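Next come the chains, spelled out residue by residue.
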Amino acid sequence: MLRLSKLADYATVILVRLGQRGELATATTLAQETGVPEPTVAKILKGLAAGKLVVSYRGARGGYRLAETLADISVARVIRSVDGPIAVTACCDGRECGHGDTCGLSGQWDMVNQAICQALESITLADMAAPGPCKKMATCSADKEQTRPEEIVVSG
């Protein structure tokens, strides 16, 4: 199972909340409004500032604001900012793993990784903030066992 890290999940929640506010917010305020512990919010905001997704302002009236609109920030950018490169296996994107000589799939996970990255790039934080389910993605289910990866179309 693929699972998003807690920090990437929290970062998405924090960025969406920050975008909805439309004004400067402190880590304390964001922690209260999102339910994410304040030390975690502060850590995430520091990383998001380093990734140029938020801008920080110092001083008594300081805080954080989005560097771009929610519509200009993809979920993939958030994940990369918090967790680093997106890779479903150790051998994606030309990297080597300890089993490359024996597994026979070295480099074959790249097509899966690319499909996931394209899907995450196509979904913005504005999509995430919109009420109701995101309609950009085809759903995966046991009923669609015949669907091949090249048949899944992601529109942006």
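Please refer to the structure higher up on the page.
Residues numbered from 1 in each chain as written. Predicted model: local features only at pLDDT ≥ 70, side-chain atom pairs only at ≥ 80, totals over all residues. Heavy atoms only, no water.

1. So, the pattern of salt bridges
Alright, step 1. Counted according to the given criterion, the structure contains 5 salt bridges.
Alright, step 2. Glutamate 121 serves as the salt-bridge partner of arginine 80, at 2.5 Å between the closest nitrogen and oxygen. In this pair, arginine 80 is assigned in helix α4 (residues 75–83) and glutamate 121 in helix α6 (residues 110–122), connecting sequence segments 41 residues apart.
Alright, step 3. We classify arginine 80 as partly exposed; its relative accessible area is 34%.
Alright, step 4. Connected via shared salt-bridge partners are Arg17, Arg21, Glu23 and Glu33. (Salt bridge = Lys/Arg side-chain N within 4 Å of Asp/Glu carboxyl O. Helix = DSSP H or I, 4+ residues; strand = E, 2+ residues; numbered from the N terminus. Buried < 20%, exposed > 50% of the residue type's maximum accessible area, 1.4 Å probe, protein only.)

2. Comments concerning helix α2 (residues 27–34)
Alright, step 1. Where α2 is concerned, the buried positions are Ala27, Leu30 and Ala31. In an axial view of α2, the angular spread of the buried residues amounts to 100°, which keeps them on one side of the axis.
Alright, step 2. Residues of α2 that are buried sit in contact with α1 (6–21) and α3 (38–50).
Alright, step 3. Positioned one or two residues after α2, glycine 35 has a phi angle of 85°, which is positive. (Arc of directions from axis to C-beta. Contact = heavy atoms within 4.5 Å.)

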